[in-house]
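Below, each chain spelled out in residue letters.
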Amino acid sequence: EGRVWTWGYGEDGQLGHMDQETRLVPTLLVGESLGACAVVLVVAGGWHTMAVTVEGELWVWGQGHYGQLGLGDKANRLAPMLVGAQVAFGGSEVVTVSCGSFHTLAVTK
(Lines give C-alpha, C1' and ligand atoms only; values in the text may rest on other atoms or scores of the structure.)
Protein backbone atom coordinates (compact mmCIF):
# COMPACT_ATOMS: atom_id res chain seq x y z
CA GLU A 1 0.00 0.00 0.00
CA GLY A 2 2.86 2.39 0.70
CA ARG A 3 1.06 4.53 3.28
CA VAL A 4 3.00 6.61 5.82
CA TRP A 5 2.22 6.78 9.55
CA THR A 6 3.98 9.22 11.90
CA TRP A 7 3.97 9.93 15.62
CA GLY A 8 6.06 11.58 18.34
CA TYR A 9 7.41 15.13 18.63
CA GLY A 10 6.02 17.44 15.94
CA GLU A 11 7.14 20.97 16.86
CA ASP A 12 8.97 21.60 13.57
CA GLY A 13 6.38 19.90 11.36
CA GLN A 14 8.43 16.73 10.97
CA LEU A 15 5.32 14.56 11.37
CA GLY A 16 3.73 16.07 8.26
CA HIS A 17 0.19 16.62 9.55
CA MET A 18 -0.03 20.33 8.68
CA ASP A 19 0.43 21.32 12.32
CA GLN A 20 3.07 21.32 15.05
CA GLU A 21 1.31 18.91 17.39
CA THR A 22 2.90 15.96 19.12
CA ARG A 23 1.17 12.68 18.28
CA LEU A 24 1.08 9.94 20.94
CA VAL A 25 -0.16 7.21 18.59
CA PRO A 26 0.60 6.36 14.95
CA THR A 27 -1.34 8.74 12.68
CA LEU A 28 -1.82 8.23 8.95
CA LEU A 29 -0.67 10.98 6.60
CA VAL A 30 -3.45 11.95 4.23
CA GLY A 31 -2.86 10.22 0.88
CA GLU A 32 -3.10 13.38 -1.20
CA SER A 33 -0.30 14.96 0.81
CA LEU A 34 2.16 12.60 -0.90
CA GLY A 35 0.66 12.81 -4.37
CA ALA A 36 -1.27 9.55 -3.87
CA CYS A 37 1.85 7.53 -4.82
CA ALA A 38 2.99 4.51 -2.85
CA VAL A 39 5.93 5.31 -0.58
CA VAL A 40 8.80 2.82 -0.58
CA LEU A 41 11.21 4.57 1.80
CA VAL A 42 10.89 6.99 4.71
CA VAL A 43 13.92 8.53 6.40
CA ALA A 44 14.05 10.81 9.43
CA GLY A 45 16.65 13.45 10.20
CA GLY A 46 16.80 15.17 13.55
CA TRP A 47 13.90 17.50 12.73
CA HIS A 48 12.97 16.74 9.12
CA THR A 49 11.55 13.78 7.19
CA MET A 50 11.94 12.47 3.64
CA ALA A 51 9.84 9.99 1.66
CA VAL A 52 10.65 8.35 -1.67
CA THR A 53 7.78 7.07 -3.81
CA VAL A 54 7.67 4.06 -6.10
CA GLU A 55 7.96 6.53 -9.00
CA GLY A 56 11.21 7.99 -7.62
CA GLU A 57 9.73 11.24 -6.33
CA LEU A 58 11.21 12.85 -3.22
CA TRP A 59 8.82 14.41 -0.69
CA VAL A 60 10.15 16.47 2.24
CA TRP A 61 8.78 18.13 5.37
CA GLY A 62 9.80 19.47 8.77
CA GLN A 63 12.56 21.89 9.69
CA GLY A 64 14.28 23.64 6.81
CA HIS A 65 16.41 26.18 8.71
CA TYR A 66 19.67 25.04 7.06
CA GLY A 67 18.19 24.30 3.62
CA GLN A 68 18.05 20.56 4.34
CA LEU A 69 14.63 20.22 2.68
CA GLY A 70 16.09 21.14 -0.72
CA LEU A 71 13.28 23.55 -1.58
CA GLY A 72 15.49 26.58 -2.16
CA ASP A 73 14.75 28.35 1.10
CA LYS A 74 15.11 27.94 4.86
CA ALA A 75 11.41 27.66 5.75
CA ASN A 76 9.89 24.86 7.80
CA ARG A 77 7.19 22.81 6.08
CA LEU A 78 4.29 21.37 8.09
CA ALA A 79 3.14 19.07 5.26
CA PRO A 80 4.98 17.04 2.61
CA MET A 81 6.33 19.04 -0.34
CA LEU A 82 7.59 17.57 -3.61
CA VAL A 83 11.21 18.41 -4.42
CA GLY A 84 11.27 19.45 -8.08
CA ALA A 85 12.85 16.46 -9.78
CA GLN A 86 13.48 18.26 -13.07
CA VAL A 87 15.42 21.02 -11.35
CA ALA A 88 16.96 19.25 -8.36
CA PHE A 89 17.93 15.95 -9.95
CA GLY A 90 17.97 16.63 -13.69
CA GLY A 91 14.89 14.48 -14.20
CA SER A 92 16.44 11.41 -12.53
CA GLU A 93 14.47 9.23 -10.13
CA VAL A 94 15.51 9.19 -6.47
CA VAL A 95 16.48 5.69 -5.34
CA THR A 96 17.43 6.33 -1.73
CA VAL A 97 17.95 9.21 0.65
CA SER A 98 19.71 9.73 3.98
CA CYS A 99 19.34 12.48 6.55
CA GLY A 100 21.60 13.92 9.20
CA SER A 101 20.36 16.41 11.75
CA PHE A 102 20.78 19.37 9.40
CA HIS A 103 21.62 17.89 5.99
CA THR A 104 20.25 15.45 3.42
CA LEU A 105 21.79 13.22 0.74
CA ALA A 106 20.06 11.50 -2.20
CA VAL A 107 21.08 8.83 -4.70
CA THR A 108 19.45 8.87 -8.14
CA LYS A 109 19.38 6.49 -11.08
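Heads up: these notes are all about the structure in this document.

Rules and cut-offs
Residues numbered from 1 in each chain as written. Predicted model: local features only at pLDDT ≥ 70, side-chain atom pairs only at ≥ 80, totals over all residues. Heavy atoms only, no water. Helix = DSSP H or I, 4+ residues; strand = E, 2+ residues; numbered from the N terminus. Rg over C-alpha atoms; globule rule 2.2 N^0.38 Å. Buried < 20%, exposed > 50% of the residue type's maximum accessible area, 1.4 Å probe, protein only. Contact = heavy atoms within 4.5 Å. Areas by Shrake-Rupley, 256 points an atom, 1.4 Å probe, with all protein chains shown as cover. Phe/Tyr/Trp six-rings, centres within 6.5 Å; stacked < 30°, edge-to-face > 60°. Polar contact = N/O pair within 3.5 Å; in protein donor to acceptor, adjacent residues only side chain to side chain. Pairing = 2+ DSSP bridges. Axes fitted to C-alpha atoms, helices over the stretch in contact; angles between N-to-C directions.

As a further point, take the overall build of the protein chain. In terms of helices and strands, the protein chain carries 1 helix and 8 strands. Each helix and strand of the protein chain, ordered N terminal to C terminal, gives the series β-β-β-β-β-β-α-β-β. Scaling as 2.2 N^0.38, a compact globule of 109 residues should have a C-alpha radius of gyration of about 13 Å, and the protein chain matches this with 13 Å. With respect to the three principal axes, the spread of C-alpha positions in the protein chain is 40 × 35 × 20 Å. Considering the protein chain as a whole, with its 109 residues, one finds that 38% of them fall into the buried category. Residue pairs at least 24 apart in sequence account for 38% of intrachain contacts in the protein chain once pairs closer than 6 positions are excluded. Surface exposure of the protein chain reaches about 5,900 Å², of which carbon and sulfur atoms provide 56%.

In this fold, Tyr 9 is placed in the loop between β1 (5-8) and β2 (23-28). The spacing of Tyr 9 and Ala 88 is 79 residues in sequence and 29 Å in space, taken between C-alpha atoms. In this structure Tyr 9 touches Gln 14, Leu 15, Thr 22 and Trp 47, once residues within four positions along its chain are discounted.

Turning to the packing of aromatic side chains, a few remarks are in order. For the structure on display, the rule yields 2 aromatic pairs. Pairing Trp 47 with Phe 102 gives two aromatic rings, centres 5.3 Å apart and planes at 15°, and the pair type is stacked. You can see Trp 47 sitting in the loop between β3 (39-44) and β4 (48-53) and its partner Phe 102 sitting in the loop between β7 (94-99) and β8 (104-108), a full 55 residues away along the chain. On the basis of relative accessibility, which here comes to 30%, the residue Trp 47 falls in the partly exposed class. Residue Phe 102 is classed as partly exposed on the basis of its relative accessible area, which comes to 37%. Within the aromatic cluster, the residues linked to one another by ring pairs are Trp 47, Tyr 66 and Phe 102.

Mapped onto the fold, Arg 77 is located in strand β6 (residues 77-82). A distance of 2.9 Å separates a polar atom in the side chain of Arg 77 from a polar atom in the side chain of Asp 73. Within the structure, Arg 77 has its side chain in polar contact with the backbone oxygen of Ala 75 (distance 3.2 Å).

We now examine the sheet that holds β4. Strand order across the open sheet formed by 4 strands is β3-β4-β5-β6, with antiparallel pairing between neighbours. In the strand order of this sheet, the two ends are held by β3 and β6, each with one partner. Within this sheet the neighbouring strands show an average axis-to-axis angle of 15°, counted without direction. By the bridge criterion, 5 bridges tie β4 to strand β5 (residues 58-62) in an arrangement that is antiparallel. Bridged to Val 52 within β5 is Leu 58.

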